[in-house]
Amino acid sequence: MKVTRRTLMAALGAWGTTTSPLGLSLAHASDGNWPARPINYVVPFTPGGSTDVIGRVLAEKLGQRLGQPVVVDNKPGAAGAVGASFVAKAKADGYTLFGGTISTHAINASLYKNLAYDPVKDFEPVSLSAFLPNVLMVDPNLGVNSVQDLVALLRKDPSKRLFASSGAGTSTHLAGELFAGVIGVPLTHVPYKGTPPAMMDVSAGLVPFMFDQLTAARPLAQGGKLKLLAVTTGKRVAAAPELPTMKEAGIADFEMSSWQAVYAPKGTPPAIVDRLSQEIAAIVQLPDVRTRLGEMGMELVGSTPAQLADLMAREIPRWAEVVRKSGASA
């Protein structure tokens, strides 16, 4: 099954970038004296990954606009489930936010049999913040220069049939499972507690290859520590136009995009959720934010809470089907 950026965008419809669908102005979208103290922004992955990068940018800008510090708190583990479970139990007072992803709020729902949180019932959607292209990367000393070179090596040498990911249940994990199915070669998944340690082991030659966000891979690739082979999006990415798509590289029916979003614990006052949604929609339009994150391969967006909820309603069953077909498990 194809999981494309186009289908995600179609599911969301037209964007409301700076105005709430209820017509609430920023001046009236507040709840009492909120915020009166620092806000905790939980990132469910290790520092340095895509979720951490965009989370820190949003936290900095939100702090400036709200007049209170927004402090990033990394709580990695179980494809984001550790951080998500923490936020699901947090007080719904507007002082805890969550940097959710396609993993925490779509894939995990079907991949984990005993998930400690409910992506729908335990959270208030705030705003979709970005789409991110995944990229296929290899150890630069592996001796491959294209996707077809990698496929040939995997078919020839069983010892190379390992792929890393930022954690079981992440989009990078399922990308590897889908790749195995498409090329008809059984692969062994090696999960890590985040993107940076996984990439470091690939660059060190301990694991031959992996899929992950272009955002995190670019610095290591520019330093010669990783070799990027192709992007998983339907079209080439402006931040790395030299990279072919998987389809161009000879892998048909392989297209998928990751996404990032912001959530609050269930029961957070609607006025606070609306205020946060509008602020995030404004932040992703700031020139410095678009330049900084756009150069890293992110396609920034800003949605209403209802649009994010609609995206989830479509993505959860879509990824459940992908998990079923691929046989992936946590």
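Residue numbering note: each chain is counted from 1, following its sequence as written. Only residues with pLDDT of 70 or above have their local features reported here, since the model is predicted, and side-chain atom pairs are shown and tallied only from 80 upward, although totals for entire chains, interfaces and linings are computed over all residues. Hydrogens are left out, water is left out, and the side-chain values use all remaining heavy atoms of the structure.

Looking at an unreviewed UniProt entry, the protein chain carries the name Tripartite-type tricarboxylate transporter, receptor component TctC, with the source organism given as Paracidovorax wautersii. UniProt positions are given in the numbering used here, feature names are shortened, and annotations may be inferred rather than shown by experiment. Taken directly from UniProt, the Sequence similarities (unreviewed entry) text for the protein chain runs: "Belongs to the UPF0065 (bug) family."

**Student:** How would you summarise the pairing of strand 1 (residues 39-43) if you had to cite specific residues and measurements?
**Tutor:** Any residue under 20% of the maximum accessible area for its type is buried, any over 50% is exposed, and the rest in between are partly exposed; the area is computed with a 1.4 Å probe on protein chains only. A helix here means a DSSP run of H or I that spans at least four residues, while a strand means a run of E at least two residues long, and both kinds are numbered starting from the N terminus. With 4 of 5 residues buried, strand 1 lies mostly within the body of the structure. One ladder, built from 5 bridges, connects strand 1 with strand 2 (residues 70-74); its direction is parallel. Following the sheet pairing, Tyr-41 is matched in strand 2 by Val-72. Assignment of crossover handedness uses the view with strands pointing away from the viewer, where a clockwise path from the first strand over the helix to the second indicates a right-handed crossover. Each parallel crossover has a hand, and for strand 1 linked through helix 2 (residues 50-66) to strand 2 it is right-handed. Where strand 1 lies against strand 3 (residues 96-101), 3 bridges are found, and the strand directions are parallel. In the sheet register, Asn-40 faces strand 3, and the bridge partner there is Thr-96. Note on pairing: DSSP must find at least two bridges between two strands before they are called paired.

**Student:** Break down the nonpolar core for me, with residues and values.
**Tutor:** To define a nonpolar core, start from buried Ala, Val, Leu, Ile, Met, Phe, Trp, Tyr and Cys residues and group those joined through side-chain atoms within 4.5 Å. If you look at the biggest cluster of nonpolar residues, it comprises 53 residues, and the most contacted ones within it are Val-147, Leu-150, Phe-179, Phe-209, Met-246 and Trp-259. Looking at this core, the element that brings in the most residues is helix 11 (residues 305-326), giving 6 residues. Counting contributing residues, this core receives three or more from each of domain 1 (39-132 + 257-326) and domain 2 (133-249). Counting residues in each nonpolar core, the second largest holds 30 residues, with Leu-62, Tyr-95, Val-262 and Ile-280 among its members. Each domain span listed reflects an automatic or database assignment of domains.

**Student:** Lay out the packing of aromatic side chains in plain terms, naming residues and giving numbers.
**Tutor:** Only Phe, Tyr and Trp rings are paired, with Trp represented by its six-membered ring, and only when their centres lie within 6.5 Å; those with planes under 30 degrees apart are stacked, over 60 edge-to-face, the remainder tilted. Enumeration according to the criterion identifies 8 aromatic pairs in this entry. Relative to Phe-123, the ring of Phe-98 has its centre 5.7 Å away and its plane inclined at 40°; by these criteria the two rings are tilted. Of this pair, Phe-98 sits in strand 3 while Phe-123 sits in strand 4 (residues 123-138), and the two are 25 residues apart along the sequence. Of the two residues, Phe-98 and Phe-123, both sit in the buried class.

**Student:** Before we move on, could you go through helix 4 (residues 103-111) and cite the residues and values that matter?
**Tutor:** Counting buried positions along helix 4 yields 7 of 9 residues, so the element is predominantly enclosed. Within helix 4 the residues assigned to the buried category are Ser-103, Thr-104, His-105, Ala-106, Ile-107, Asn-108 and Leu-111. Elements in contact with the buried residues of helix 4: helix 3 (81-88), strand 3, strand 4, helix 6 (171-183), strand 9 (257-265) and helix 11. Any two residues whose heavy atoms approach within 4.5 Å are treated as being in contact.

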